[in-house]
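Working through the structure, step by step
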Amino acid sequence: MTKSSWVKNASQLATLAFDKKGPRTNKAMSELGLIEDGSMWIENGIIQAVGTTEDIEKQYADRLQEAEVIDASGQLVTPGLVDPHTHVVFGGIRALEFEKRLEGTSYMEIMNAGGGIHATTRMTRESTEEELIEQTTKRLNSFLTHGVTTIESKSGYGMNLDTELKQLRVMKELQQKHVIDIVPTFMGAHAVPKEYRGREDDFVDYVINEMLPIVAEEKLAEFNDVFCEKGVFTPQQSERILEAGKRYNLKPKIHADEIEPYGGAELAAKTEAVSAEHLLKVSEEGIRALAKSGTIACLLPATALYLREEAAPGRRMVDEGVAVAISTDCNPGSSPTTSMPLVLNLSCISMRLTPAEALTAATYNAACAINKEDSIGSLETGKLADFVLWDVKNYQELQYLFGVNHVRSVWKKGMKVVNLGDSAVAANAGVVMENF
Ligand code: NIG
Ligand code: FE
């Protein structure tokens, strides 16, 4: 039987619909396809029609009775947020390292002394699949309550075949078990493991010859990422890994120019990477290369804030014609957060994106950064009914009232998966009062 839902009376529906396909740049990043008194008709989890409440009422006049009504009065409705860059599957946490960094030790110093990524690698190697599933589920739940309905997820805390496969299998299992959609990325080259110190090229060979073929054969990943950074992988080593991945149909992504300018953005353009990530220290040439190649810049302002660094030059990139997406970079070291709303706020505050550009970066362009723009990232006929009701009247308020989670409810494939509405608050308040 057909299950129909009718979203009606949204004070503003940001559809993100646009007449051209592909990552949005320049002025197109401000085109949100806004509808006042917005409405949607949904059947079996797929959007059938989008318009004003009056439009939809007329179009479905003879079927209004059969639909579940989703009253969005006074609320903003947007596509479900998409987080195109996370390291969400990991064992343990690194709170002590946070303290150390505040006392003056740098992120790279900690990593080179065997902490940082290496510490998480140790803890991930020691974790069972069940433990990883349990810890990751909590984080996925938190993503969901912050309005995120699809995430990308990288391996990279294994740095040996067994643990890389373990992380990727955890993602596969969670993709089946959890309502969030997970797009897997292989990142065997996240750091050079201790065992390979001084033999970096041997590790690159190991990634290419021993890991990539099995990851591809088991169909465990769609993308292939590498940390191209001074002291980690050189642009030459990174290129070898990315080109090898391409031979297995794994599309390249790059952690580029995060700590120092290192030609990462240029390499992303050269290898036709889907996205270049971080880019705090991107060169002018790198910005031009990204604009020309169409490689998406995936910017992570929460990471910059957490490392107490200046954010990537997001404003300049948009002005130069680079397609920008934004992400949490959720990981236990440089960005232990699951809050995309915070990232939206920071994109405006730290990178001077406008609220409209930031919303495009967290929805449609983010979907492009994981090659999923045909099914998610905007509210259009034929796409998945992944959407969020926010307790604000318009998209400007969403960004202006910062550091707060405005989610009221989250819908995944037409199903309500989060409900933080007034009644939930009232019920909880009641419990507190009774216990008091
Ligand atoms: O994207 N830069 C490299 N990788 C992660 C951090 C990983 C960690 O510190 O555990 C990042 O920021
Ligand atoms: Fe990252």
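In short, a report on the structure. None of these values were measured; they are calculated from a predicted model.

1. With respect to the packing of aromatic side chains
Centre-to-centre distance and the angle between the planes together describe a pair of aromatic rings. According to the stated counting rule, one finds eight aromatic pairs in the structure shown. On the numbers, 6.0 Å between centres and 45° between planes, the contact of Phe203 with Tyr206 is tilted. Taken together, the positions of Phe203 and Tyr206, both in helix α7 (residues 200-217) and three residues apart, correspond to about one turn of that helix. According to the relative accessible area criterion, Phe203 is buried, its value standing at 0%. With a centroid separation of 6.2 Å and 25° between ring planes, the pair formed by Phe203 and Phe233 is classed as stacked. One end of the pair, Phe203, is in helix α7; the other, Phe233, is in the loop between β9 (223-228) and α8 (235-247), and 30 residues separate them in sequence.

2. Remarks on unusual backbone geometry
With a phi angle near 50°, Asp37 is a residue other than glycine that sits in the positive phi range. In this model, His278 sits at a positive phi of 80°, which is unusual for a non-glycine residue. Mapped onto the elements of the fold, His278 is located in strand β11 (residues 275-278).

3. Side note on the site of ligand 1
Taken together, 15 residues sit near ligand 1, with Arg94, Tyr107, Tyr157, Glu258 and Ser334 positioned nearest. Separating an oxygen atom of ligand 1 from a side-chain N or O atom of Tyr107 is a distance of 2.5 Å. Take Tyr157: an N or O atom from its side chain is 2.6 Å from an oxygen atom of ligand 1. Across the complex, the protein chains shield 100% of the 330 Å² of accessible surface that ligand 1 would expose by itself.

4. Re the nonpolar core
Of all hydrophobic cores here, the largest spans 100 residues; its most connected members are Ile254, Leu279, Leu299, Met317, Val324 and Ile326. The dominant element in this core, judged by the number of residues it contributes, is α7, at eight residues. With near-sequence residues (within four places) excluded, Leu279 lies in contact with Ala256, Asp257, Ala265, Leu290, Ala297, Leu299, Ala312, Pro313 and Met317.

5. Observations regarding the packing of helix α13 (residues 340-351) against helix α14 (residues 355-362)
Two elements in contact, α13 and α14, have axes separated by 9 Å at closest approach and are oriented at 140°. One element, α13, and the other, α14, form an angle in the oblique class. The crossing of α13 and α14 is right-handed. Side by side, α13 and α14 meet where Met340, Leu344, Ser347 and Cys348 of the first sit next to Pro355, Ala358, Leu359 and Ala362 of the second.

6. Structural notes on the side chain of Thr328
Assignment of secondary structure puts Thr328 in the loop between β13 (324-326) and α13. Within the structure, the side chain of Thr328 is placed 2.9 Å from the backbone nitrogen of Cys330, a separation counted as a polar contact. With sequence-adjacent residues up to four places away left out, Thr328 is seen in contact with Asp83, His85, Thr86, Phe143, Ala302, Thr303, Ser335, Thr337, Thr338, Ser339, Met340 and Val343.

How each quantity is defined
- Residues numbered from 1 in each chain as written.
- Chains lettered and ligands numbered in written order.
- Predicted model: local features only at pLDDT ≥ 70, side-chain atom pairs only at ≥ 80, totals over all residues.
- Heavy atoms only, no water.
- Phe/Tyr/Trp six-rings, centres within 6.5 Å; stacked < 30°, edge-to-face > 60°.
- Helix = DSSP H or I, 4+ residues; strand = E, 2+ residues; numbered from the N terminus.
- Buried < 20%, exposed > 50% of the residue type's maximum accessible area, 1.4 Å probe, protein only.
- Near = heavy atom within 4 Å.
- Polar contact = N/O pair within 3.5 Å; in protein donor to acceptor, adjacent residues only side chain to side chain.
- Areas by Shrake-Rupley, 256 points an atom, 1.4 Å probe, with all protein chains shown as cover.
- Core = buried A, V, L, I, M, F, W, Y, C linked by side-chain atoms within 4.5 Å.
- Contact = heavy atoms within 4.5 Å.
- Axes fitted to C-alpha atoms, helices over the stretch in contact; angles between N-to-C directions.
- Parallel < 35°, antiparallel > 145°, perpendicular 65-115°, else oblique.
- Left-handed = near helix turned anticlockwise from the far one by under 90°.

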